Amino acid sequence: MAGLACARTLSAAGLSVRVLEASDGVGGRVRSDVVDGFRLDRGFQILLTAYPELSRWFDMDDLQLRRFQAGATIWTGTRFTTIGDPLRSPRDLPSTITSSVGSLADKLRLLKLIASVRRGSVSQILRRSDMSTEAKIAQLGFSERFIKQFLQPLFSGIQLDPELEVSSRRFEVIFRMLSVGDSAVPAMGMGSLSELMANQLPAGVVQCNRKVAELDGTSVLLVDGERISSRVVVVATQGPTASDLLKLPDPGSRPVAAIWFDSSSDPLRNKKILLDGAQSGPMKNMAVLSEVAPEYAPAGRSLCVAAVPGPAALMPDLESSVRTQLKQWHPGSSSWETLRVDVIAHGQPLQLPPLDPRRTVRVGAGRYVCGDHRDTASLQGALFSGRRAAAAVLADLQDRSDS
Ligand SMILES: Cc1cc2nc3c(=O)[nH]c(=O)nc-3n(C[C@H](O)[C@H](O)[C@H](O)COP(=O)(O)OP(=O)(O)OC[C@H]3O[C@@H](n4cnc5c(N)ncnc54)[C@H](O)[C@@H]3O)c2cc1C
């Protein structure tokens, strides 16, 4: 997404651009595949509709967004309970107040946090004092139980961070996005975002199966031995690869896994995110995607995805551990069929405090870098960083032609 955003900006400014993509399709971490008629993203992802970059790049109608219900359904160890967003869905007020998840004081603290993250601009939030998400949550006074049952499973899923060590700036920005917009998926899968981005580039600009092996100044050597020289090179790979190619510090990796189930044999019916508030296994959240976006499954069929963020994603018995966990939640899940297991070693960069949300995109004469590791680890951050890198290229080329 970062590379496509950069290429689109440069191409719109009249430059001749080539996108060299290592894999067989565009999108990087944001791709979808059709498996047995089901639409599977590469890992469980959601689009937060409040991301400011979205409206810059997309006609929102083209996305055909399918929205999750606000709030969450929480597994407490013996039953499910609901936390809603009474500000947006007043009918959730009674169930939220009476929910066994957290005390009334926790719910009031939640409202206070929502008010705080809605104040000021996003860039102001990104300049607030920084600490780990865990420290921030403790500072806000939430009870252990509320953290364990709600905040930890929710944010370990979004930040791929079961330890809640990610920057509190990032946490507060996500909280703002969650509280002012919706969580959604495009009807045709998250990968349709990447395809829509790529389709706006002139034909032939994006070249797949063209992996870059190394860089020398502003020329690149491809793994097939071809060398391509250019006035400018922008490296738009994931952080660890960018650090190899450009000799930059490695931004680190948060792994994540997703298990996709054909749950038609005994479907769940739920349009909210389901959270593991009982810490009953490696899965932290789950979604019944076909309830939210019927286009994700063949007619009359049901699709569930279970997400395992953090190091547990790499455990050898991942699928059996998740199935054991799921059986407590929904005994009928033992008849579900596994469609695919995605294990993604680099889900997001670490994003530890202090988080610099605008790391430089200039790395030497004619050399630039973009990607979620330059801004925030999200679609928003990737798109924004691509635009920033393109702006730096255009400004530097302008300076060169002026001098
Ligand atoms: C499972 C999962 C869930 C997520 N959930 C969310 C979410 O809910 N909301 C959200 O906002 N974000 C989420 N994210 C994060 C988000 O997907 C990323 O921040 C964003 O997609 C990063 O985009 P990018 O362009 O920076 O990098 P990438 O998508 O990694 O793109 C890098 C590209 O570079 C290519 N490449 C790599 N090496 C080479 C090479 N040597 N030569 C040529 N090409 C190369 C890759 O093939 C790839 O296409 C999630 C990520 C994962 C994995």
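Let's hear about the pairing of strand S7 (residues 80-83): which residues, and what values?
Residue alternation in S7 divides its side chains into a buried set, Thr81 and Ile83, and an unburied set, Phe80 and Thr82. Here strand S6 (residues 72-75) pairs with S7 via 4 bridges, running antiparallel. The residue of S7 that forms the bridge with Thr73 is Thr82. Connecting the antiparallel pair S6 and S7 is a turn made up of 4 residues, with Gly77 showing a positive phi of about 115°.

Run through the pattern of salt bridges, naming residues and quoting values.
Throughout the structure, instances matching the rule amount to 21 salt bridges. Across the pair Arg210 and Asp224 runs a salt bridge whose closest N-O atoms are separated by 3.5 Å. Of this pair, Arg210 sits in the loop between strand S9 (206-207) and strand S10 (212-216) while Asp224 sits in the loop between strand S11 (219-222) and strand S12 (227-229); the two residues are 14 residues apart in sequence, bridging distant segments of the chain. Classification of Arg210 by relative accessible area gives buried; the value is 15%. Its salt-bridge partner being Arg269, residue Glu291 comes within 3.0 Å of it at the nearest N-O pair. Of this pair, Glu291 sits in helix H11 (residues 289-292) while Arg269 sits in the loop between strand S14 (254-262) and strand S15 (273-276), placing them 22 residues apart in sequence.

I'd love a proper account of the site of the ligand, names of residues and values included.
Around the ligand, 31 residues are found, and the nearest of them are Glu21, Arg29, Tyr51, Val212 and Asp372. Here Met1 contributes a backbone N or O atom positioned 3.1 Å from an oxygen atom of the ligand. A distance of 2.7 Å is found between an oxygen atom of the ligand and a side-chain nitrogen or oxygen belonging to Asp372. When the ligand sits alone it has 1000 Å² of accessible area, and the protein chains cover 92% of it. Every element with two or more residues in the shell around the ligand is listed here: strand S18 (337-348) and helix H13 (379-402). For the shell around the ligand, the element with the most residues is S18, which contributes 3 residues. For the shell around the ligand, a count of residues per class yields 15 nonpolar, 11 polar and 5 charged. Formed jointly, the shell around the ligand draws a minimum of three residues from each of two domains, domain 1 (2-31 + 190-252 + 364-402) and domain 2 (47-185 + 253-348).

Each value, and the rule that gives it
Residue numbers run consecutively from 1 along every chain, following the written order of its sequence. Side-chain atom pairs in this predicted model are given and counted only at pLDDT of 80 or more, local residue features only at pLDDT of at least 70, and totals for whole chains, interfaces and linings cover all residues. Side-chain numbers here rest on the full set of heavy atoms in the structure, without hydrogens or water. Using a 1.4 Å probe on the protein chains alone, a residue whose accessible area is under 20% of its type maximum counts as buried, one over 50% counts as exposed, and one in between counts as partly exposed. A run of H or I in DSSP counts as a helix once it spans at least four residues, and a run of E counts as a strand once it spans at least two, with each numbered from the N terminus. At least two bridges found by DSSP between two strands is the condition for calling them paired. Whenever Lys or Arg places a side-chain nitrogen within 4 Å of a carboxyl oxygen from Asp or Glu, that contact is recorded as a salt bridge. In these notes, residues near a molecule or strand are those with any non-hydrogen atom within 4 Å of it. Polar contact is the term for a pair of N or O atoms within 3.5 Å; when the atoms are in protein, one must be able to donate a hydrogen and the other to accept it, and sequence-neighboring residues count only if both atoms are side-chain atoms. For every accessible area listed, the method is Shrake-Rupley and the probe measures 1.4 Å; residues are considered covered only by the protein chains on display. Each residue gets one label: Ala, Val, Leu, Ile, Met, Phe, Trp, Tyr, Cys and Pro are nonpolar, Asp, Glu, Lys and Arg are charged, and the others, such as Gly, are polar. Each domain's extent was defined by an automatic or database domain assignment.

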